[in-house]
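Here is how the chains run, residue by residue.
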Amino acid sequence: MEQTKKPEKISRSRRKALLKRLKAEIGIYQRDLYLAAFLGWLQFLTRIASFYLIAQIIAQLFLEKKINIGVFFWQLVILSVFGFGVALLARKYQGTASQYARNNLKQRFFEVFQKHSGEFEHKTSVADILTIASQGIDTLDTYFNRYLTSSLRTYFNCATVLVIVAIIFPLGGLIFLICLPFIPISIVFMQKRSRKIMQHYWATYMDVGNLFIDDLKGMNTLYTYNVDEKYAKSFVKKAEQFRLSTMELLKFQLQSVGYMDGVMYIGVGVSGFFAVLALAHGQLSLASLLFFVLIAAEFFAPIRESGYGMHLVMMNTRMADRIYSFLDSVDEIDKEVKTENLEDDIKQIELKNLSFSYDNNEILKKITVKIKKGNIFAIAGESGLGKTTLAKLIQKQLKPTEGEILFNTQDIAKVDVQMVQQKVLYVSPDSYLFNTSIYENLTLGTTKNKKELLDWLKEKNLLAFVDKLPEGIDTRVGENGKLLSPGQRQQIICARALLAQRSIYIFDEMTSSVDSETEQILFDYIKLTAENAIVVFISHKMRQVIQADEVLFINKKRENTVGQPQKVLESVSEFKQLVETQNRLEAILHE
Ligand SMILES: Nc1ncnc2c1ncn2[C@@H]1O[C@H](COP(=O)(O)OP(=O)(O)OP(=O)(O)O)[C@@H](O)[C@H]1O
């Protein structure tokens, strides 16, 4: 099981740039953010006005002056109703910017995922990406919804209180200003510890998320091998690590709030003390003293809230780092100029001096070949020599390390990946069958109605087994074709592909795991497909590889030979050996 990886440190400039990008995500909803903050400030003003009234009335009562309690009552009611109305209005604008920004980010993830069919060159695992897209982006709500608004509120509210205090009790204002830097100082003081705790929290969070997705995907396999309990235990261990790091984080957050509270109480206490002295010396009225004491906490509260938010923002920055690192690395792949449209009729794929490496591991070496429409072009070679990798390069899921891939005469590097994928259909036994009828599954590839489809199947002599099923073409296939035999399932996948009428087909091990009779039936589907398209046929079954029109054979040294199978058989001993070994094994199996 993987050890918790220590995340890299984020530099100050990177942090700044990340927060700037996050803020830019809000786009036009920045207006809502300002509006919500402004309405929050109006609400704050009504509270300040209420404090003023309360201070006045208490002072008058104390000094035994004549007061009109009815007027006071109605003034307070009006202020409260106004404050309530403003709060209701503010709700309309709260959270909209956050929702917009998060939706945008999720959409970008979704588009990138779809565009790359879940295949990425760099080291981010699919589980990682899913964890970020499904939960990670939502954690940014604390930044968009809380931190940004609370920092705006801090500016508005503190400036208001400071102006009022400067008018009624300037010394108090001075004390506030002196106390003010202690809050950021306390944050800086705790930052090192906070970063460490946050990094640990973050690493365990990703670990537990990834492990959960991976275990969930492999649940059946775990049951089959009776190791579900062992895996459950290791998952519980990771979950416990996550719980402990969450508790540590919460404890730390409480502590840091405690420090900030300390600064706040000292500030209020010291300034209150001087205010009482000023009252005693007749420099401050009782009403002003009361008003000052009531609003003093209003100065420190938003600063304290922002200070608390700083710790949350650190966590958000880490998430933003993951999000943008991933999106940027994908953008890097997509950023070549993609101005060209592909021609409708693609008659040839040309691989020109094509090489590919995963990191420094060279997989494909200098392949030059022309694959023509109307032919079956086989790719053969032992396991792990790069056949599927070549299929991914043709679909533009990967980018060549060297060389070019041309469709007719167009370099696909200059064409948008979606356009390439509209031309190419990758067909493998892993292609999915939906839990509906055979007919519904076939209609994914065609607009033919049922009668037209049945006529077409009859004319091409395809899916003959369907007639023998009690409900014919309306038979339900079960989840991913579970109610069919593997051969029937693969025939439906092939027929559906044929109906889609694409220019380029890649059949990857489509004839594997079936008996020899079905193997030939499936190969006939592939032949039929090749009548009108470019067909790349990847297979371990040499019996069929030698029936192809041309073959690209890759040997163990990753050298390649292209030619008619019979000629390659004569000239390349490794190819001949592979064919003969397989023939021998087949013969033994059928003895
Ligand atoms: N995403 C990846 N990152 C790094 N290495 C990879 C990745 N995908 C595949 N490889 C490696 O590249 C090599 C070629 O893999 P590929 O799947 O193309 O082989 P293949 O010829 O299709 O094998 P098989 O016949 O078993 O399907 C293998 O050694 C594999 O371990």
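Residues numbered from 1 in each chain as written. Predicted model: local features only at pLDDT ≥ 70, side-chain atom pairs only at ≥ 80, totals over all residues. Heavy atoms only, no water.

Asks: Tell me about the UniProt feature "transmembrane region" (unreviewed entry) in the protein, residues and numbers included.
Replies: According to UniProt, the "transmembrane region" (unreviewed entry) feature falls on residues 33–55, 67–90, 161–189, 257–280 and 286–303. Within residues 33–55, the helical portion is 100% and the strand portion 0%, while the C-alpha atoms at the span's ends are 33 Å from each other. Helix makes up 100% of residues 257–280 and strand 0%. Its end C-alpha atoms lie 34 Å apart. (UniProt positions renumbered as here; feature names shortened; annotations may be inferred. Helix = DSSP H or I, 4+ residues; strand = E, 2+ residues; numbered from the N terminus.)

Asks: Please provide a residue-by-residue account of the sheet that holds strand E4 (residues 402–407), values included.
Replies: Within the open sheet, the four strands sit side by side as E2-E1-E4-E5. Their pairing is antiparallel. This sheet does not close on itself; its edge strands, each paired only once, are strand E2 (361–372) and strand E5 (410–411). Relative to E5, E4 runs antiparallel, the two being bridged by two bridges. The residue bridging Leu 406 from the neighbouring strand is Asp 411, located in E5. (Pairing = 2+ DSSP bridges.)

Asks: Quick one: what's the story with the nonpolar core, residue by residue and with numbers?
Replies: What tends to happen in soluble globular proteins is that the nonpolar side chains get buried as a cluster. In this structure, Leu 442, Leu 463, Ile 492, Phe 507 and Phe 575 are the most contacted members of the largest nonpolar core, which totals 50 residues. Of the residues forming this core, the biggest block, seven residues, is contributed by helix H16 (residues 486–499). In contact with Leu 442, not counting residues within four places along its chain, are Leu 453, Leu 457, Leu 463, Ile 473, Ile 492, Ala 495, Arg 496 and Leu 499. (Core = buried A, V, L, I, M, F, W, Y, C linked by side-chain atoms within 4.5 Å. Buried < 20%, exposed > 50% of the residue type's maximum accessible area, 1.4 Å probe, protein only. Contact = heavy atoms within 4.5 Å.)

Asks: For the site of the ligand, give the residues involved together with the corresponding values.
Replies: Around the ligand, the neighbouring residues are Tyr 358, Ile 363, Ser 383, Gly 384, Leu 385, Gly 386, Lys 387, Thr 388, Thr 389 and His 540. Within the side chain of Thr 388, a nitrogen or oxygen atom sits 2.8 Å from an oxygen atom of the ligand. The separation between an oxygen atom of the ligand and a polar side-chain atom of Thr 389 is 2.5 Å. Considering the ligand on its own, with 640 Å² of exposed area, one finds that the protein chains cover 60% of that surface. Sorting elements by how many residues they give to the shell around the ligand places helix H12 (residues 387–394) first, with three residues. Class assignment for the residues of the shell around the ligand results in three nonpolar, six polar and one charged. (Near = heavy atom within 4 Å. Polar contact = N/O pair within 3.5 Å; in protein donor to acceptor, adjacent residues only side chain to side chain. Areas by Shrake-Rupley, 256 points an atom, 1.4 Å probe, with all protein chains shown as cover. Nonpolar A, V, L, I, M, F, W, Y, C, P; charged D, E, K, R; others polar.)

Asks: So what's going on with the environment of Ile 26? Residues and values would help.
Replies: Structurally, Ile 26 can be placed in the loop between helix H1 (12–24) and helix H2 (30–62). Taking the relative accessible area as the measure of exposure, Ile 26 reaches 0% and is therefore buried. Taking C-alpha positions, Ile 26 is 55 Å from Glu 519, a pair spaced 493 residues apart along the chain. The contact partners of Ile 26, leaving out residues within four places of it in the chain, are Leu 33, Ala 97, Tyr 100, Ala 101, Phe 144 and Leu 148.

Asks: Could you give me a rundown of a nonpolar patch on the surface, with the residues and numbers involved?
Replies: Judged by side-chain polarity, Leu 171, Leu 174, Ile 178, Phe 182, Ile 185, Ile 266, Val 270, Phe 273, Phe 274 and Leu 277 come together as a nonpolar surface patch covering roughly 910 Å² of accessible area. Contributing elements (two or more residues each) for the nonpolar patch: helix H7 (170–179), helix H8 (182–217) and helix H10 (228–280). Positionally, Ile 178 belongs in helix H7. (Patch = residues over 30% accessible without salt bridge, like charges linked within 9 Å, V, L, I, M, F, W, Y side chains within 5 Å. Salt bridge = Lys/Arg side-chain N within 4 Å of Asp/Glu carboxyl O.)

Asks: Give me the lowdown on the packing of H16 against helix H17 (residues 516–530), citing residues and values where you can.
Replies: With their axes 10 Å apart at the nearest point, H16 and H17 run at an angle of 5° to one another. Classified by the angle between their axes, H16 and H17 sit roughly parallel to one another. Counting all contacts with H16, which are made through Gly 487, Gln 490, Gln 491, Cys 494, Ala 495 and Leu 498, the residues of H17 involved are Thr 518, Ile 521, Leu 522, Tyr 525, Leu 528 and Thr 529. When the residues that make up the contact of H16 with H17 are grouped by side-chain class, the tally is seven nonpolar, five polar and no charged. (Axes fitted to C-alpha atoms, helices over the stretch in contact; angles between N-to-C directions. Parallel < 35°, antiparallel > 145°, perpendicular 65-115°, else oblique.)

Asks: Report on the packing of aromatic side chains, specifying residues and quantitative values.
Replies: Enumeration according to the criterion identifies 23 aromatic pairs in this entry. Here Trp 41 and Phe 156 contribute two aromatic rings whose centre-to-centre distance is 6.2 Å and whose plane-to-plane angle is 65°, an arrangement assigned as edge-to-face. Separated by 115 residues along the polypeptide, Trp 41 in helix H2 and Phe 156 in helix H6 (residues 141–168) bring together distant segments of the chain. A relative accessible area of 23% places Trp 41 in the partly exposed class. By relative accessible area, Phe 156 is classed as partly exposed at 30%. Ring centres of Tyr 201 and Tyr 205 lie 6.3 Å apart, and the angle between their planes is 15°; on these two criteria the pair is classed as stacked. In this pair, Tyr 201 and Tyr 205 both sit in helix H8, four residues apart, roughly one turn of the helix. Like Tyr 201, the residue Tyr 205 is buried in the burial classification. An aromatic cluster is defined as three or more aromatic residues linked by ring pairs; in this entry it consists of Phe 169, Phe 176, Phe 292, Phe 299 and Phe 300. Sitting above the plane of the Tyr 439 ring, Lys 450 keeps its charged end 5.2 Å from the centroid. (Phe/Tyr/Trp six-rings, centres within 6.5 Å; stacked < 30°, edge-to-face > 60°. Lys NZ or Arg CZ within 6 Å of the ring centre and 35° of its normal.)

Asks: An account of the environment of Ser 80 is needed here, citing residue identities and associated values.
Replies: Here Ser 80 is to be found in helix H3 (residues 69–93). On a C-alpha basis, the gap between Ser 80 and Val 268 in space is 26 Å, while along the polypeptide they are 188 residues apart.

Asks: Break down the domain arrangement of the protein for me, with residues and values.
Replies: With domains assigned, the protein is organised as domain 1 (16–329) and domain 2 (348–590). For domain 1 versus domain 2, the distance between C-alpha centres works out to 55 Å. (Domains from an automatic or database assignment.)

Asks: I'd like to hear about the pattern of salt bridges, residue by residue, with values.
Replies: Note on pairing: side chains with opposite charge can pair once their charged atoms come close. For the coordinates displayed, the defined rule picks out 22 salt bridges. For Asp 138, the salt bridge identified is with Arg 102, shortest N-O distance 2.9 Å. Of this pair, Asp 138 sits in helix H5 (residues 126–139) while Arg 102 is found in helix H4 (residues 96–115), placing the two residues 36 residues apart along the sequence. Given a relative accessible area of 28%, Asp 138 falls into the partly exposed group. Of the charged contacts in the structure, one is a salt bridge between Asp 141 and Arg 102, with a shortest N-O distance of 3.5 Å. Here the residue Asp 141 occupies a position in helix H6, and Arg 102 occupies one in helix H4, the gap between them amounting to 39 residues. Each of Arg 102, Lys 106, Asp 138 and Asp 141 takes part in one network of salt bridges that share partners.

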